[in-house]
Amino acid sequence: MEFYADHHLIAITRISMSLIAFFLFILTGSYLWSHQFEDRIAPNVFAGSIDIGGKTEDEARQLLQSTIDDLLADGIPVRVQDQQETLTLSTFVSSDLIENVEFDLDQTIQEASRAHRSSNAFASIWSLIASLWQSVHLTIPITLAKEQLRQTLHELFPDVEKPGKNARFVFLQDTNGWSVRTIPGTDGVVLNLDQFFSQL
């Protein structure tokens, strides 16, 4: 009976030691894996549609700035009814390039650096592990030069907007006296630029 108890105790001790070793292995592996992101943005972090996860702040800034520069140079396609034109997001005035859209990369990079992070080291490790399944999508804040963009859109689509006409009354005098005739108004077409700017 004593031999059986010792054998049983040894088996429990081995299982316990194996579980402790396994737990320490997982904990050490998780720490070492998460340590590679100490000066990097967590995995699965996107700025718009651009994956900046795993990059340093400088690498993320360079990637985003390169994409923004291409966007400013190429413009964006805009379709109104059956007509498609390219809306330029920058304008040359004399020899100066004036951007009609300003992107706040500083705020975006700060938010990206804080994504899946915690002030507690263990919570931060588990957040980084969870980032493998949970993506973070950040919106890059922009400031629009709305009047300049509005003017450019009107130049691109000069025939699209048509002002409406209000109904009118015409007073006519004939041999029977005065009569009033109503001339109906017409609907106009106006570009909903506020909605366009909010979705830009």
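What comes next is a walk through the structure. (Residues numbered from 1 in each chain as written. Predicted model: local features only at pLDDT ≥ 70, side-chain atom pairs only at ≥ 80, totals over all residues. Heavy atoms only, no water.)

**Section: the pattern of salt bridges**
And step 1. Evaluated as defined, the whole model comprises three salt bridges.
And step 2. Across the pair R40 and E59 runs a salt bridge whose closest N-O atoms are separated by 3.2 Å. Here E59 lies in helix 2 (residues 57-74) and R40 lies in the loop between helix 1 (2-35) and strand 1 (45-47), a separation of 19 residues in the sequence.
And step 3. R40 sits in the partly exposed class, given a relative accessible area of 32%.
And step 4. By relative accessible area, E59 is classed as partly exposed at 35%. (Salt bridge = Lys/Arg side-chain N within 4 Å of Asp/Glu carboxyl O. Helix = DSSP H or I, 4+ residues; strand = E, 2+ residues; numbered from the N terminus. Buried < 20%, exposed > 50% of the residue type's maximum accessible area, 1.4 Å probe, protein only.)

**Comments concerning the sheet that holds strand 1**
And step 1. In spatial order, the strands read 2-1-8; together these three strands make up an open sheet with mixed pairing. The strands lining the two open edges of the sheet, one partner per strand, are strand 2 (50-51) and strand 8 (136-138).
And step 2. Sheet analysis places strand 1 next to strand 2, joined by two bridges and oriented antiparallel. When the bridges of strand 2 are listed, A47 appears paired with I50. (Pairing = 2+ DSSP bridges.)

**Notes on helix 3 (residues 105-114)**
And step 1. Buried within helix 3 we find L105, T108, I109 and A112. Burial along helix 3 is one-sided: seen end-on, the buried residues are contained in an arc of 95 degrees.
And step 2. Buried residues belonging to helix 3 abut strand 1, helix 2, strand 7 (101-103) and strand 8.
And step 3. A distance of 3.4 Å separates the backbone nitrogen of D106 from a side-chain oxygen at the start of helix 3, and that oxygen is part of D104.
And step 4. Trailing helix 3 by a residue or two, H116 shows a phi angle of about 60 degrees, which is positive. (Arc of directions from axis to C-beta. Contact = heavy atoms within 4.5 Å. Polar contact = N/O pair within 3.5 Å; in protein donor to acceptor, adjacent residues only side chain to side chain.)

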